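# Examination of the molecular architecture
Here are the chains, one letter per residue:
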Amino acid sequence: MPLLFSCAALTLTCSVWANDPAASLPRPTPAQAAWHDLEVGMFIHIAPQTWQGSERDDLSTPLSAINPAQLDTDQWVKVARDMTAKYIIFVAKHEGGFCWWQTRTTDHSIAHTPWREGRGDVLRDLSESCRRAGMKLGVYLSPQDRKQNVGVGGRAADPARQADYERLFRDQLTELLTQYGPMMEVWFDGSLIFDIGDILAAHAPDAVVFQGPQASIRWVGNEDGVAPYPAWNAVKFGVKKWGDYTAADGDPDGDRWLPNECDARIRSTWFWNERNAGTLKSLHDLMDMYEQSVGRGAVLLLNHTPDTTGLIPAADAARAAEFGAEIRRRYAVAAADTSGIGKEFTVQLSAPVRTDRIIIMEDILEGERIRAYELDGEVGGRWTPLARGTAVGHKRIDAFEPVTITAARLRIIESVGTPIIRRFVVFPAQEVR
């Protein structure tokens, strides 16, 4: 089908001119840009809480009780792939301090359980499963450690033990980053009160970091998997402690690129328990979450909860597969697709198309330039407004009432410098399931 866009767009290049007002815009690092393209990830929470039926480890579970005999990391990876996730973040140590790998730092670990006679290593299994499947892997290491009597951020209750705990934590982080292959993301939930930048620089230079002094992504500010709109990628340095920024701190005039990750739960809790099977989110809820996270330029990190057998429950796995299938159904086949440089783009359809969603993506490697835009559809030979917005960034999904159009138009009303459109895509409307 013919693709039409402005003549002015054809004469520009993607280079940044010295007098271009966009020259000073913050831009993502290569690691951040690659992370944006992943769009969906899977969180995995399993810990002594799984055996306690709680969200907080009260340290009551004897290690002899932890024996997830059917644990299968290939199943975890399959669930991730089925829901279109491109990466997995594994909670290697949660706030209670139990470690799922063969660590030399503590006896509060998988090595002191009956699982595989103490020789098992969940992170080893998962890293191998991810490698075989081409799935990226990240790791969550809680700074809080109740077994060590250490609070949020890694602050020891007894100041005299602070230095000892920092050494232990640094050793744990070094083990995780040197023994299991490359990590694409490192999570420090609750942030960190001490610096581990030298370890990250030495062993995970290409990883994005969640919270802490080296943060390169930020928490969206809720656990609902929803980003506000607009969710600007930039923030102003110095507004608050680095690592504590949320989506509320997004600023189109900011000076640092710090994108949003939207963590969310497929059930009502982070850890499996016997009481919440009925809280499994519906397909409708998950699609709303997707369109309000990925569709607002953020990345969605959806949690799954293996049970005491070590498997993700069958109902949860089936819902994840339904979720992935619906994402592909809605967004795999475009009715029209173009890209370019300029402030106006038009796609002429070869036949009338009933549509209810359009995607816009900026080339964020050249900064987030768009400040306001409008979408129109040609209906009966006249341009009809479909949607309008402000932030685009990595991806913006605009949904509207279904309408049959013969062409679609993107008009950028306000920008910093010349907009660079990675994709402008019209999708046929799909029957709601």
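### Section: the packing of aromatic side chains
One pass over the structure, following the stated rule, counts 16 aromatic pairs. Look at tyrosine 331 and phenylalanine 427: their rings are 5.3 Å apart centre to centre, the planes differ by 85°, and that puts the pair in the edge-to-face class. Highlighted residues: tyrosine 331 in helix 9 (residues 314-331) and phenylalanine 427 in strand 19 (residues 420-428), separated in sequence by 96 residues. As far as the burial class goes, tyrosine 331 and phenylalanine 427 line up, both buried. Ring pairs connect the aromatic residues Phe43, Tyr140, Trp187, Phe210 and Trp270, which therefore count as one cluster. Geometry around phenylalanine 237 places arginine 256 over its ring, the cationic atom sitting 3.9 Å from the centre. Taking NZ or CZ as reference, arginine 396 lies 3.9 Å from the ring centre of tyrosine 229, over its face.

### Some remarks on the pairing of strand 2 (residues 40-44)
Among the 5 residues in strand 2, 5 count as buried, and that is most of the element. By the alternation rule, side chains of strand 2 split into Val40, Met42 and Ile44 and Gly41 and Phe43, which are all buried. Sheet topology places strand 2 next to strand 3 (residues 87-93); 4 bridges connect them, and they run parallel. When the bridges of strand 3 are listed, methionine 42 appears paired with isoleucine 88.

### Quick look at the confidence of the model for the protein chain
Atomic detail in the predicted coordinates should be set aside for any region of low pLDDT. Summary statistics for the protein chain give a mean pLDDT of 95 and a share of 95% for residues scoring 70 or more. For residues 1-17, every residue scores under 50 in pLDDT, and the model assigns this stretch 34 contacts once sequence neighbours within four places are set aside.

### Re the sheet that holds strand 2
Hydrogen bonding along the main chain pairs the strands of a sheet, whether they run parallel or antiparallel. In space, the 8 strands of this open sheet follow the order 8-7-4-3-2-13-12-9, with parallel pairing throughout. For this open sheet the edge positions go to strand 8 (208-210) and strand 9 (218-219), each flanked by a neighbour on one side alone. As paired elements, strand 12 (residues 260-265) and strand 13 (residues 299-304) share 5 bridges and run parallel to each other. What sits directly across from arginine 265, in strand 13, is asparagine 303. Together, strand 2, strand 12 and strand 13 form the strand contacts of helix 8 (residues 283-291), whose direction differs from that of strand 13 by roughly 145°.

### Regarding the state of the cysteines
Per the counting criterion, the structure on display carries 0 disulfides. Not engaged in a disulfide, the cysteine cysteine 130 finds its nearest cysteine sulfur in cysteine 99; these two sulfurs lie 19 Å apart. Accessibility expressed as a relative area gives 1% for cysteine 130, which makes it buried.

Cut-offs and rules
Residues numbered from 1 in each chain as written. Predicted model: local features only at pLDDT ≥ 70, side-chain atom pairs only at ≥ 80, totals over all residues. Heavy atoms only, no water. Phe/Tyr/Trp six-rings, centres within 6.5 Å; stacked < 30°, edge-to-face > 60°. Helix = DSSP H or I, 4+ residues; strand = E, 2+ residues; numbered from the N terminus. Buried < 20%, exposed > 50% of the residue type's maximum accessible area, 1.4 Å probe, protein only. Lys NZ or Arg CZ within 6 Å of the ring centre and 35° of its normal. Pairing = 2+ DSSP bridges. pLDDT = per-residue confidence, 0-100. Contact = heavy atoms within 4.5 Å. Axes fitted to C-alpha atoms, helices over the stretch in contact; angles between N-to-C directions. Disulfide = S-S within 2.5 Å.

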